[in-house]
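Chain residues, written in single-letter form:
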Amino acid sequence: MRDIPIDSFAILGAAVAKMVIGALWYSPLLFLKAWLELSGVTESQMKRGMARALAVDAVGSFIMAYVFFHAIRYAEATTALQGMALGFWNWAGFVAVVTIGTVTYEGKPFQLFLLNNGYLLVSLLTMGAILAEAR
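Residues numbered from 1 in each chain as written. Predicted model: local features only at pLDDT ≥ 70, side-chain atom pairs only at ≥ 80, totals over all residues. Heavy atoms only, no water.

## Side note on the packing of aromatic side chains
Consideration 1: In total, this model carries 6 aromatic pairs according to the counting rule given.
Consideration 2: For the ring pair Phe-88 and Trp-89, a centre distance of 4.9 Å and an interplane angle of 80 degrees mean the geometry is edge-to-face.
Consideration 3: A relative accessible area of 32% places Phe-88 in the partly exposed class.
Consideration 4: Exposure remark for Trp-89: the relative accessible area of 58% places this residue in the exposed category.
Consideration 5: Taken together, the aromatic side chains of Tyr-26, Trp-35 and Tyr-119 make up a single cluster linked through ring pairs. (Phe/Tyr/Trp six-rings, centres within 6.5 Å; stacked < 30°, edge-to-face > 60°. Buried < 20%, exposed > 50% of the residue type's maximum accessible area, 1.4 Å probe, protein only.)

Quick look at the structure:
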């Protein structure tokens, strides 16, 4: 396995970008109301679990950025467009395939899959652009 020098600032930036996108995506300005209705979560349930959810999301965002950084380096992507392409294919091949089970096995509305995966796709496109441009 080849040695991949780590760019901690790029990884941090990509992780923070994912969290900022999530904060906007699931805000009252965009899709909070739709998400609450589609997921069956009440606003009080959401607020009760917010601290734990944010902590888990922060850790997950850093892990995702770290692993994705390696994938981008192995693919030798060096431009934002190449990074975004890798983001798309990782979303299509891994994320979308895994999360479709939310609607098929748990009986959730397909619109919830679209809403959540829209966020994940935008996040991976953004993270790919950031990480590929890092030198």
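What follows picks up the thread again.
## Concerning the side chain of Lys-18
Consideration 1: Within the secondary structure, Lys-18 is located in helix H1 (residues 8-25).
Consideration 2: Here Lys-18 is in contact with Asp-57, Ser-61, Met-64, Tyr-119, Ser-123 and Met-127, once residues within four sequence places are set aside. (Helix = DSSP H or I, 4+ residues; strand = E, 2+ residues; numbered from the N terminus. Contact = heavy atoms within 4.5 Å.)

## Some thoughts on the nonpolar core
Consideration 1: In this structure, Trp-35, Ala-65, Phe-68, Ile-72, Trp-91 and Leu-131 are the most contacted members of the largest nonpolar core, which totals 31 residues.
Consideration 2: Taken together, the elements giving at least two residues each to this core come down to H1, helix H2 (32-39), helix H4 (50-75), helix H5 (80-99) and helix H7 (110-133).
Consideration 3: For this core, the element with the most residues is H7, which contributes 10 residues.
Consideration 4: Contact partners of Leu-131, with chain neighbours within four places excluded, come to Ala-10, Ile-11, Ala-14, Ala-65, Phe-68, Phe-69, Ile-72 and Arg-73. (Core = buried A, V, L, I, M, F, W, Y, C linked by side-chain atoms within 4.5 Å.)

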